[in-house]
Amino acid sequence: MKVDGEGFEVMGEEKSRDCAVEVINVWSGPRSLSTSLMYSFAQRDDTEVLDEPLYAHYLRLKPNVCHPSQQEVLDQMENDGNKVVREIIHGPCKKKYRYAKHMAKQRTPCLTKEVLRGRHVLLIRNPLEFLPSFDKVLQEEIPELEMVHLASLYMELRSMHQIPPIIDATDLRRDPEGMLRSLCSAIDIPFQSSMLSWKAGPRPEDGVWAPWWYSSVHKSTEFVSPPPFANKPFPKRLYKLLEQNQPFYDFLKREAILPIPAPAAPPPLPCLDNKELFVWVNGQILPRNSAKVSVFDSIVQGGDGVWEGLRIYKGKVFKLEEHLDRLFDSAKAMAFANIPSREEVKRAVFATLIANDMRDNAHVRLTLTRGEKTTSGMSPAFNVYGCTLIVLSEWKPPVYNNTDGIRLITASTRRNSPNSLDSKIHHNNLINNILAKVEGNIADAGDALMLDCGGFVAETNATNIFMVKKGRVLTPHADYCLPGITRATVIDLARREGFPMEERRISLTEFHTADEVWTTGTMGELTPVTEIDGRQIGDGKVGPVTKYLQAAYSKLAESEGEIIPFR
Ligand SMILES: Cc1ncc(COP(=O)(O)O)c(C=O)c1O
């Protein structure tokens, strides 16, 4: 026999080609879920399992112990442990992996170091939990110091820089999927969900001793949760053995692996077509799941960014220049430095739309942040890298019910005042609008109306607002609301179509008693409002002015806009 530097037996070239199998040795004591774990691995499509191949070897060396089925084991299994390791455990295999279940005590000193070849896992169980099951058995069947065998195997593998993962049987029962995922990851094999259950009854891989030992495991079909506490006192005659095993268990338990939670099922997307998107992040077009900004980015640190929403109609970006004007004004008001040029932003918008083949029915969320910081902190002095530009374009069918209208409630959250944060800056610090939206959601309303600090109507949490009373179209001054681009377009359209149009302070009562109300925004266009705070607006139906302006807006949006340079 040839032996290499580490004491492993070296095989001939012919043989080693046969033995390409990757061996996973799992060492444990009895009553530790070892058979269940073997059944679990037997469910994999890439793994063959062996049930205690070193059992006969162990029995041959321990003539004084008396195990049920002892003679059958000795007669039917290979007795020479080194031969078992060489020819059975590492022998040819039809599957990629071979899982070998072992009792730790079966690793007797006369085995060569080849028994340490392959991957190793230690399966442990608190002696306080497993020793009571030996209360009724004969003295000689009581397990030896299993935990000591496992601890010494652990130390030996460690000294060879092969630290084996340790899995606790109780953890496995508490969270089978999490622990099996963790175990598979630790031994570098993919997790398979088939490992979570098996059919009841005897299995072809069972050892010949199965009729004596496996009656309860044969009834099982999966790992079951452990009982909350033992329902019998701990047997006094095993107390000494417990004391001897416990420190070794405690030592191994400290090193045991923790569960890896199953990845959550992805939540359903409002629009399935957005599953595969390309997003522009700072000069790069990236797939949806890779499109990320640094945790040092100002947008993460303080919502320190400005943004625009653009809509795409028939191969064109509607009101692109107006949106870019507001974006650059907002960035200037926020004193951003190193702002990309107008041409660069346009190029990024077009490149992203073209990559996604978006010509219609799409919306772009364009975000410009103050950029990445050198350290977390508020000061723009830490922003030395320049702005971050994000172009997120998505398929966006109408977001509101523009045919039948929506209900609004008035939020208790007030719209920002120019005293604190001027609504003329289209910034990403949207908390006051989000709080209003939370109120709207709780009331199951389409959106929430927000008042200014004087109690007059400002806008909704996401849109500007208009009303009609006796043929006059009214909308609040843009003192507390965003000077919306759709708002400006609708004001122009109303004037052009000859409706008397007025911007002024409007109270909530005026809205409650309006003949017609609608909201405006790039994303949702013109959305009729049929109820506010339980008051029906007009006759509760979409009014004629609303319908007229909706149609005029659609016509304009479909005819104007900057052409996306598709080839
Ligand atoms: C609070 C708020 N009001 C109104 C609007 C509508 O503005 P625009 O018509 O420019 O899309 C928006 C859209 O960004 C908004 O966030």
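Conventions and cut-offs
- Residues numbered from 1 in each chain as written.
- Predicted model: local features only at pLDDT ≥ 70, side-chain atom pairs only at ≥ 80, totals over all residues.
- Heavy atoms only, no water.
- Phe/Tyr/Trp six-rings, centres within 6.5 Å; stacked < 30°, edge-to-face > 60°.
- Helix = DSSP H or I, 4+ residues; strand = E, 2+ residues; numbered from the N terminus.
- Buried < 20%, exposed > 50% of the residue type's maximum accessible area, 1.4 Å probe, protein only.
- Lys NZ or Arg CZ within 6 Å of the ring centre and 35° of its normal.
- 1 Å grid on protein atoms, 1.4 Å probe; cavity = no way out; pocket = protein on both sides within 12 Å on 5 of 7 lines; lining within 4 Å.
- Points joined across faces, edges and corners; volume = space filled by probe spheres on them.
- Nonpolar A, V, L, I, M, F, W, Y, C, P; charged D, E, K, R; others polar.
- Pairing = 2+ DSSP bridges.
- Contact = heavy atoms within 4.5 Å.
- Axes fitted to C-alpha atoms, helices over the stretch in contact; angles between N-to-C directions.
- Near = heavy atom within 4 Å.
- Polar contact = N/O pair within 3.5 Å; in protein donor to acceptor, adjacent residues only side chain to side chain.
- Areas by Shrake-Rupley, 256 points an atom, 1.4 Å probe, with all protein chains shown as cover.
- Sits in = over half its atoms within 2 Å of the grid points.
- Parallel < 35°, antiparallel > 145°, perpendicular 65-115°, else oblique.
- Left-handed = near helix turned anticlockwise from the far one by under 90°.

Peer 1: Please clarify how the packing of aromatic side chains should be interpreted in this entry.
Peer 2: Each aromatic ring pair is described using two quantities: the centre-to-centre distance and the angle formed by the ring planes. Enumeration over the complete set of coordinates arrives at 9 aromatic pairs. Aromatic side chains Trp 198 and Phe 223 sit 5.2 Å apart centroid to centroid with 85 degrees between the ring planes, which places their arrangement in the edge-to-face category. Pair noted here: Trp 198 is in the loop between helix H9 (176-186) and helix H10 (210-213) and Phe 223 is in the loop between helix H11 (215-219) and helix H12 (239-254), with a separation of 25 residues, a long-range link. By relative accessible area, Trp 198 is classed as buried at 5%. With 5.7 Å between their ring centres and 75 degrees between their planes, Phe 499 and Tyr 548 make a pair best called edge-to-face. Taken together, the residues Phe 499 in the loop between helix H17 (485-496) and strand S19 (501-503) and Tyr 548 in helix H19 (residues 544-559) connect sequence positions 49 residues apart. A relative accessible area of 19% means that Phe 499 is categorised as buried. Positioned above the aromatic ring of Tyr 39 is the side chain of Arg 203, whose terminal nitrogen or guanidinium carbon lies 5.6 Å from the ring centre.

Peer 1: Help me out: how do you make sense of empty space enclosed by the protein in this one?
Peer 2: One simple way to see leftover space: roll a probe sized like a water molecule over the atoms. Inspection of every chain in the model, using the stated rule, returns 1 cavity of 30 Å³ or more. In this structure, the largest cavity occupies an estimated 40 Å³ of space. Lining the largest cavity are Asp 515, Glu 516, Val 517, Pro 528, Val 529, Thr 530, Ile 537, Lys 541, Val 542, Gly 543 and Thr 546. Put simply, the parts of the chain that give the lining of the largest cavity at least two residues each are strand S20 (516-521) and strand S21 (525-532). Among the elements that take part in the lining of the largest cavity, S21 stands out by supplying 3 residues, more than any other. Here the lining of the largest cavity is composed, by residue class, of 5 nonpolar, 3 polar and 3 charged.

Peer 1: What is the right way to look at the sheet that holds strand S9 (residues 284-287) in this model?
Peer 2: What links the strands of a sheet is backbone hydrogen bonding, and the strands pair in either a parallel or an antiparallel sense. In spatial order, the strands read S9-S8-S13-S12-S10-S11-S23; together these 7 strands make up an open sheet with antiparallel pairing. Of all the strands in the sheet, just S9 and strand S23 (562-563) have a single pairing partner and so form its edges. Across the sheet, helix H14 (residues 320-333) touches strand S10 (305-313), strand S11 (316-317), strand S12 (362-369) and S23, and the angle it forms with S10 is around 175 degrees.

Peer 1: Before we go on, may I ask you to explain the sheet that holds strand S3 (residues 22-28) in this structure?
Peer 2: Judged by pairing direction, the sheet is parallel, and its 5 strands sit side by side in the order S4-S5-S3-S6-S7 without closing on themselves. If you trace the sheet from one side to the other, it starts and ends with strand S4 (47-51) and strand S7 (166-168), each paired once. Neighbour-to-neighbour, the strand axes of this sheet turn through a mean angle of 25 degrees, independent of strand direction. Both S3 and strand S6 (residues 119-124) contribute to a ladder of 5 bridges, which runs parallel. Along S6, the bridge assignment pairs Ile 24 with Arg 119. In the packing of helix H2 (residues 34-42) onto the sheet, contacts are made with S3, S4, strand S5 (97-103) and S6, and the angle to S5 comes to roughly 175 degrees. In this fold helix H7 (residues 146-159) packs onto S3, S6 and S7, with an angle of close to 150 degrees to the strand it touches most, S6.

Peer 1: Just to check I follow, could you spell out the site of the ligand for this structure?
Peer 2: The ligand sits among 16 residues. The nearest are Arg 326, Glu 459, Ile 485, Thr 486 and Thr 522. Between the ligand and the protein, one listed contact pairs an oxygen atom with a side-chain N or O atom of Arg 326 at 2.8 Å. In isolation the ligand has 390 Å² of accessible area, and contact with the protein removes 93% of it. If you map the ligand onto the pockets, it falls in the second largest pocket. Elements with a contribution of two residues or more to the shell around the ligand: H17 and S20.

Peer 1: When you look at the packing of H17 against H19 in this model, what are you seeing that I'm missing?
Peer 2: When two helices pack together, their arrangement is given by the angle between the helix axes and the distance between those axes. Look at H17 against H19: their axes get within 10 Å of each other, and the N-to-C directions meet at 115 degrees. Accordingly, the angle class assigned to the pair H17 and H19 is roughly perpendicular. Crossing of H17 against H19: the hand is right-handed. Here H17 contributes Thr 486, Thr 489, Val 490, Leu 493 and Ala 494 to the contact with H19, which in turn contributes Leu 549, Ala 552, Tyr 553 and Leu 556. Residue composition of the contact of H17 with H19, by class: 7 nonpolar, 2 polar and no charged.

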